[in-house]
Amino acid sequence: MSAVRSKICGITRMEDALAAVEAGADAIGFVFYAKSPRAVTVQQARAIIAALPPFVTTVGLFVNASRCELGEILDAVPLDLLQFHGDETAAECEGWHRPYIKALRVKAGDDIAAACNAYPSASGVLLDTYVEGVPGGTGEAFDWSLIPQGLSKPLILAGGLTPENVADAIARVRPYAVDVSGGVEASKGIKDHAKIRAFINAVR
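Now for a quick tour of the structure. No experiment lies behind these values; they were computed from the predicted model shown. (Residues numbered from 1 in each chain as written. Predicted model: local features only at pLDDT ≥ 70, side-chain atom pairs only at ≥ 80, totals over all residues. Heavy atoms only, no water.)

### Section: the packing of helix H6 (residues 166-173) against helix H7 (residues 193-203)
Okay, step 1: Interhelical geometry of H6 versus H7 gives an angle of 30° and a closest axis separation of 8 Å. One way to sum up the angle between H6 and H7 is to call them roughly parallel. In the crossing of H6 with H7, the sense of the turn from one axis to the other is right-handed. Contact with H6, carried on its side by Val166, Ala167 and Ile170, involves Phe199, Ala202 and Val203 of H7 and no other residues of that element.
Okay, step 2: The residue inventory of the contact of H6 with H7, partitioned by class, reads six nonpolar, no polar and no charged. (Axes fitted to C-alpha atoms, helices over the stretch in contact; angles between N-to-C directions. Helix = DSSP H or I, 4+ residues; strand = E, 2+ residues; numbered from the N terminus. Parallel < 35°, antiparallel > 145°, perpendicular 65-115°, else oblique. Left-handed = near helix turned anticlockwise from the far one by under 90°. Contact = heavy atoms within 4.5 Å. Nonpolar A, V, L, I, M, F, W, Y, C, P; charged D, E, K, R; others polar.)

### Some details on the sheet that holds strand E1 (residues 5-8)
Okay, step 1: Taken in spatial order, the eight strands line up as E1-E2-E3-E4-E5-E6-E7-E8 and close into a barrel, and their pairing is parallel. Strand-to-strand, the axes of this sheet are offset by a mean angle of 25°, without reference to chain direction.
Okay, step 2: Here strand E2 (residues 27-32) runs beside strand E3 (residues 57-62); their pairing, made up of six bridges, is parallel. Bridge assignment links Ala27 to a residue of E3, and that residue is Thr57. (Pairing = 2+ DSSP bridges.)

What follows is the structure, given as structure tokens:
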């Protein structure tokens, strides 16, 4: 089994981004969703990305953004990968000249394989916890046994991951990558650097 990749999401501060990279994170996530407590401005994201070393993937998270809003952000911020967390169709995720991943919120009874297949152009699918009215960042884990084997896309596991449970999650789910936000925070949008190090060490 190849090494599992890690993404630290909801980055709002330069020092948190650099701590994540120093700890060995493969990707850094920025939330462009005004209702999130982890939302960043274009200016914040630009400044943080400008300070990153090479070979770190920068990911922009969007929730039902308008084409105008998305276009303006992509013109201003050099993002490597787009992450769509809303009700976007495959057609709405395409056409931005960047690879994308689609987040699917999991609850009992969902046909995850079919949902995955609905995004044939996606680079991967991110499975997160379904909470009514909340597009992500809930801090709650879902029942990992709901995930079917042999999905058509690389699987990124999110939802309620922490330094304490991520090794178990990897052993059970065998994802391509894991994605954490609240599980490595001191408070919403403010990362705990020791927790970041512990999380990435547990992933490894």
